[in-house]
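Summary of structural features
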Amino acid sequence: RGWATRTVRRYPATMPRLRVSTTLDATPDEVWQDIRDIASHVEWMQDAVDITFTSERESGVGTTFDCDTRIGPFRLTDHMEITSWVPGREMGVRHVGMVTGSGVFTLTPVRTGRGRRARTRTKFVWTERLRFPWYFAGPIGAVCARPVLRHVWRTNLRNLAARFS
């Protein structure tokens, strides 16, 4: 075993968990009806350029797809697999391409108002934990990517919220 192998094991390039959230002006079921269409994610995710399904199915656990991703000058194809699919509550994904890791969208009902003004909204939480390869600067790339990804994903959530206003 060489120095490089020992170094990579000692300093994993896993980015700490990144979590962004918003409250949407729709019920969890209404939000789910929108996000369950994976191909439509390119309409509200500014970093997602194109989605191509690589499995026969286009929804549910086991669905696989390639997402052409662009953040500034960086472009890559993110290979993903749906790992969790709970209608109205959760969609989980595993990244299996150059960038590896996992992510999940969680939908939680939130009651607002009282009496006749009471309504149900949705707290939408997006959590990711990603691992960057050495040619994306490994641990340094993970540290540098965190604030950029947080900004991009917050913008994505604003775009998603606009679909319900």
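A brief look at the structure comes next.

Re the overall build of the protein
- Each helix and strand counted, the protein has three helices and seven strands in total.
- Counting from the amino terminus, the protein carries its helices and strands in the arrangement α-β-α-β-β-β-β-β-β-α.
- With 165 residues in all, the protein has 39% of them scored as buried.
- For the protein, contacts bridging at least 24 residues in sequence account for 53% of all contacts bridging at least 6.

Re the environment of E90
- Note on placement: E90 falls in strand β5 (residues 90–96).
- In sequence terms E90 and L107 are 17 residues apart; their C-alpha atoms lie 6.1 Å from each other.
- Excluding anything up to four places from it in sequence, E90 contacts W32, S84, W85, V104 and F105.
- A distance of 2.4 Å separates the side chain of E90 from the side chain of S84, its partner in a polar contact.

Notes on the packing of aromatic side chains
- Enumeration over the complete set of coordinates arrives at eight aromatic pairs.
- Residues W32 and W85 carry aromatic rings whose centres are separated by 4.9 Å and whose planes lie at 75 degrees to one another, so their mutual orientation is edge-to-face. Here W32 is found in helix α2 (residues 28–35), whereas its partner W85 is found in strand β4 (residues 74–86), with 53 residues between them in sequence. In this structure, W32 and W85 share a single accessibility class: buried.
- Pairing W44 with W126 gives two aromatic rings, centres 6.4 Å apart and planes at 75 degrees, and the pair type is edge-to-face. Here the residue W44 occupies a position in the loop between α2 and β2 (48–53), and W126 occupies one in strand β7 (residues 119–131), the gap between them amounting to 82 residues. Each member of the pair, W44 as well as W126, carries the same accessibility label: buried.
- Connected via pairs of aromatic rings, a cluster forms that spans W44, F105, F124, W126 and W153.

Details of the side chain of D78
- With respect to the secondary-structure elements, D78 resides in strand β4.
- Among buried Asp, Glu, Lys and Arg side chains, D78 stands out as unpaired, with R94 the closest opposite charge at 10 Å.
- Here the side chain of D78 touches H95 through a polar contact of 2.7 Å, side chain to side chain.
- Once you skip the residues sitting within four places of it in the chain, D78 turns out to touch F65, D66, C67, T69, H95 and V99.

Considerations on the environment of S59
- As for its placement among the helices and strands, S59 is situated in the loop between β2 and β3 (64–71).
- You can call S59 partly exposed: its relative accessible area is 26%.
- Measuring from C-alpha to C-alpha, the distance between S59 and D37 comes to 7.4 Å, with 22 residues separating the pair along the chain.
- Excluding anything up to four places from it in sequence, S59 contacts R36 and W85.

A look at the pairing of β3
- Here β2 pairs with β3 via five bridges, running antiparallel. Looking across to β3, one finds that A48 is bridged to T69.
- Sheet topology note: the β3/β4 ladder contains eight bridges and is antiparallel. Along β4, the bridge assignment pairs T69 with L76.

Focus: the pattern of salt bridges
- Here the structure, examined in full by the defined rule, presents five salt bridges.
- Across the pair D25 and R119 runs a salt bridge, and its minimum N-O distance is 2.3 Å. Taken together, the residues D25 in the loop between β1 (18–24) and α2 and R119 in strand β7 connect sequence positions 94 residues apart.
- The class for R119 is partly exposed, based on a relative accessible area of 40%.

What counts and what doesn't
- Residues numbered from 1 in each chain as written.
- Predicted model: local features only at pLDDT ≥ 70, side-chain atom pairs only at ≥ 80, totals over all residues.
- Heavy atoms only, no water.
- Helix = DSSP H or I, 4+ residues; strand = E, 2+ residues; numbered from the N terminus.
- Buried < 20%, exposed > 50% of the residue type's maximum accessible area, 1.4 Å probe, protein only.
- Contact = heavy atoms within 4.5 Å.
- Polar contact = N/O pair within 3.5 Å; in protein donor to acceptor, adjacent residues only side chain to side chain.
- Phe/Tyr/Trp six-rings, centres within 6.5 Å; stacked < 30°, edge-to-face > 60°.
- Lys, Arg positive; Asp, Glu negative; His and termini not counted.
- Salt bridge = Lys/Arg side-chain N within 4 Å of Asp/Glu carboxyl O.
- Pairing = 2+ DSSP bridges.

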